[in-house]
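Close look at the chain arrangement
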Amino acid sequence: MEDLVSEDPAARPDRADRPVTFRDVFAVREYRAIYTSLLVNWAGDYLSKAAVTVLVYEKTDSVLLSAAALGVSFIPWIIGGTLLSALAERYPYRRVLIVADLARMVPIGLLLVPHVPIWLMLVLVFLASLGMPPTQAARSALLPQLVGREKLATAIAVNQTTTQAAQLFGYLAGATIATVLSPRVALGVDVCTFALSALVIARGIQHRPPARTEAQRTHLLHESGEGIRLVFGRPVLRAIVLMVCLMSMFSVAPEGLAAAWAAEGTDNSTSRGLYQGLIMAAAPIGFVIGGLLLTRLAGADRRDRLVCPLAILSCLALAPAAFSPPLPIVVLLVILSGAAAGGLSPTLNGRFVLMLPHGYRARAFGVVQAGLQLAQFSGIIITGVLADRFRLPLVVGLWSVVGTFVMSYLAVGWPSRRTFARAMEAAAATVPPAPVPPATTPVVPAPAPAPEAAPVRTTSVTPKHP
């Protein structure tokens, strides 16, 4: 869960008095490499997602299939996200990132072939998406090694903001290019981003040994099972995961139905591409706005109190869609929903990361992402099926009302701040102390041997007796 990390002092016990700035983070050469890779990788991913949904909708005129074209990219996380994330700990993170980028180029490149059947197109999108779990898990686990614990919060904040900005750019550019030029142009750009990402990692990241040695390995299923038991076996972790996943399930509908929603709202192809991109990008826009505003303007106590109200608002904001508002109003509603999600994300992510025992970060990341992708996939497919039979705006509005009730139910049993604090203290106790380098004495070079001299005759002096 690579979201904005809370600026709560409790979430950064080892920070110095001077706050870590963006300049401090970007001063780390390897971080600049991982950041560049993330930027081009995510922009290309969302650009291709927008292009594929347009391509499928143009060929089939089916809301369900266009939604499935986006939803199929979530399946690898659902069926093997935890396994693939655990696999990333068995090999050097640098190698995992490079191999995954190069492997994903192939199926995306095959989408450029003319007249690819729809079923094969969905299979290729699925194959390309298999590289996402190990890539994101390796990047998440590698980041603390690059910047250290002191700069980690700021680095994650930069990554999350960049991810949302890349999503915004990718959706807008992908939908516009796909409708005005050709979806295959957008897909060709995505292929280039994978090659660029692999090159940046190869040149900018040093080799490091894998996180788990052969002696530490058990069975891959057992290792991933440990991560699942940890996340869902602890009430504080489970509460956060359920809120994040269910909130995403009930607020993701506009993203999955954007192509059909824009087509129903306007007949102009240029306007249709613009509104599809705006609807898909509205949630990331709101997420960045909400995260930055709440982090800067509200203190830790107020952010804690706003978690549950914001979770409810993230779903409730989309309920007016049931009345079929104009497309500009739809964009504003989605922005509001995204702002609510972005406002609570810093607090939830900061708590979650700091409540993880030592050695579980990559696996816990895989579990959360698998649950998140399953929730988003379910939301997109369910609303896609319903929108094929009923009015699309009505489906989104009523789906959001159901989500509002679900969020209200979770808010009733939300753990107290003291409960979270105790869990963070327990997790901090599992972190081994940093190794103390052995004391060394400066090495003084031995003096050069003196040249040999002639023997000196000595005279024995004896004391005089009285």
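Residues numbered from 1 in each chain as written. Predicted model: local features only at pLDDT ≥ 70, side-chain atom pairs only at ≥ 80, totals over all residues. Heavy atoms only, no water.

**A short note on the overall build of the protein**
The cut-off we apply is this: Helix and strand assignments follow DSSP, with helices taken as H or I runs no shorter than four residues and strands as E runs no shorter than two, numbered in order from the N terminus. Using a 1.4 Å probe on the protein chains alone, a residue whose accessible area is under 20% of its type maximum counts as buried, one over 50% counts as exposed, and one in between counts as partly exposed. Computed by Shrake-Rupley with a 1.4 Å probe, the accessible areas treat only the displayed protein chains as cover when residues are assessed.
When its secondary structure is counted, the protein shows 18 helices and zero strands. Per-residue burial over the protein gives 54% buried out of 466 residues. Accessible surface, the protein: about 21,400 Å² in total, of which carbon and sulfur atoms supply 66%.

**Things to note about unusual backbone geometry**
Its identity as a non-glycine residue notwithstanding, S324 has a phi of 55 degrees, on the positive side. Topologically, S324 is positioned in the loop between α14 (300-316) and α15 (327-354). What makes S324 partly exposed here is its relative accessible area of 36%.

**What about the packing of helix α2 (residues 29-60) against helix α5 (residues 93-110)?**
Test applied: Axis definition: a line fitted to C-alpha atoms, over the contacting stretch in the case of helices. Angles run 0 to 180 degrees between N-to-C directions. Each angle gets one of four labels, with under 35 degrees taken as roughly parallel, over 145 as roughly antiparallel, 65 to 115 as roughly perpendicular, and the rest as oblique. It is the rotation of the near helix from the far one that decides the hand of a crossing: anticlockwise by less than a right angle makes it left-handed, clockwise makes it right-handed. It only takes one pair of heavy atoms within 4.5 Å for two residues to be counted as in contact.
Between α2 and α5, the shortest axis-to-axis distance is 13 Å and the interhelical angle comes to 25 degrees. The orientation of α2 with respect to α5, classified from their angle, is roughly parallel. Here α2 runs over α5; the crossing is left-handed. The residues of α5 that touch α2, namely those facing I34, S37, N41 and D45, are L97, D101 and R104.

**Digging into a nonpolar patch on the surface**
The cut-off we apply is this: What goes into a patch is any residue over 30% in relative accessible area without a salt bridge, connected to like charges within 9 Å or, for nonpolar side chains (Val, Leu, Ile, Met, Phe, Trp, Tyr), within 5 Å. The salt bridge definition used is simple: a Lys or Arg side-chain nitrogen within 4 Å of an Asp or Glu carboxyl oxygen.
Taken together, the side chains of W119, V123, L127 and L130 present a nonpolar region at the surface, about 380 Å² in accessible area. Along the chain, L127 falls in helix α6 (residues 118-129). Since its relative accessible area comes to 41%, L127 is described here as partly exposed.

**Topic: the packing of aromatic side chains**
Let me state the cut-off plainly: Only the six-membered ring of Trp is used, alongside the rings of Phe and Tyr, when aromatic pairs are assigned; centres must lie within 6.5 Å, and planes under 30 degrees apart are stacked while those over 60 apart are edge-to-face, with the rest tilted.
Considering all chains together, one arrives at five aromatic pairs under this definition. When the ring of F26 is compared with that of Y31, the centres are 5.4 Å apart and the planes differ by 70 degrees; the resulting orientation is edge-to-face. For Y31, a relative accessible area of 0% corresponds to the buried category. Within the aromatic cluster, the residues linked to one another by ring pairs are F26, Y31 and Y35.

**Concerning α2**
As a reminder of what qualifies: The span you would expect from a helix comes to 1.5 Å times its residue count less one.
With 32 residues, α2 ought to run about 46 Å at 1.5 Å a step, and its terminal C-alpha atoms sit 47 Å apart, in line with that. Counting buried positions along α2 yields 25 of 32 residues, so the element is predominantly enclosed. Just past α2, the residue D61 takes up positive phi, approximately 55 degrees.

**Remarks on the side chain of S248**
Along the chain, S248 falls in helix α10 (residues 235-251). Ignoring sequence-local partners within four residues, the contact set of S248 consists of L372 and Q376.

**Let's talk about the nonpolar core**
Just so we agree on the cut-off: Joining through side-chain atoms within 4.5 Å is the link that ties buried Ala, Val, Leu, Ile, Met, Phe, Trp, Tyr and Cys residues into a set, and such a set is a nonpolar core.
Within the largest apolar cluster, 66 residues are counted, with the highest numbers of intra-cluster contacts made by I240, M243, W261, L348, F352, M355 and W414. When residues no more than four places from it in sequence are discounted, the contact partners of M243 are V307, C308, A311, L348, M407, L410 and W414. Counting residues in each nonpolar core, the second largest holds 29 residues, with V25, W77, A88 and V200 among its members.

**A short note on the confidence of the model for the protein**
What counts is decided by this rule: Scored from 0 to 100, pLDDT records how confident the predictor is in each individual residue.
For the protein, the average pLDDT comes to 76, and 78% of its residues sit at 70 or higher. The lowest-confidence element of the protein is helix α3 (residues 63-71), averaging 71 in pLDDT; the highest-confidence one is helix α17 (residues 392-412), averaging 91. Taken together, the stretch residues 1-17 has pLDDT below 50 and engages in 54 contacts with residues farther than four places along the chain or on a different chain. Scored below 50 in pLDDT, residues 439-444 makes zero contacts in the model with residues more than four places away or belonging to other chains.

**Side note on the side chain of S37**
So the rule is basically this: We call two N or O atoms a polar contact when they sit within 3.5 Å, provided that within protein one can donate a hydrogen and the other can accept it, with sequence-adjacent residues counted only if both atoms are side-chain atoms.
Within the element layout of this structure, S37 appears in helix α2. At a separation of 2.6 Å, a polar atom in the side chain of S37 contacts the side chain of S197. Ignoring sequence-local partners within four residues, the contact set of S37 consists of D101, R139, S197, V200 and I201.

**With respect to helix α18 (residues 417-428)**
Test applied: By definition, the arc is the one covered by directions from the helix axis to the C-beta atoms.
The end-to-end C-alpha distance of α18, which contains twelve residues, comes to 17 Å, matching closely the 16 Å that a straight helix rising 1.5 Å per residue would cover. Within α18, the full set of buried residues consists of F420, A423, M424 and A427. Looking straight down α18, one finds that the buried residues subtend no more than 100 degrees of arc, so they occupy a single side. Across from the buried face of α18, at angles greater than 90 degrees, the exposed residues are R418 and E425.

**Here's the deal with the packing of α2 against α6**
Applied cut-off: Nonpolar residues are Ala, Val, Leu, Ile, Met, Phe, Trp, Tyr, Cys and Pro. Charged residues are Asp, Glu, Lys and Arg, and all others, Gly as well, are polar.
Contact geometry for α2 and α6: axes closest at 11 Å, N-to-C directions at 165 degrees. One element, α2, and the other, α6, form an angle in the roughly antiparallel class. The way α2 lies across α6 gives a crossing that is left-handed. Within the contact between the two elements, α2 uses V52, L55, V56, K59 and T60 and α6 uses I118, M121 and V125. A per-class count over the contact of α2 with α6 returns six nonpolar, one polar and one charged.

**Things to note about the environment of G170**
With respect to the element layout, G170 can be found in helix α7 (residues 132-180). Taking relative accessible area as the criterion, G170 reaches 0% and is therefore assigned buried. Once the C-alpha coordinates of G170 and M280 are considered, the two residues, 110 residues apart in sequence, prove to be 9.5 Å apart.

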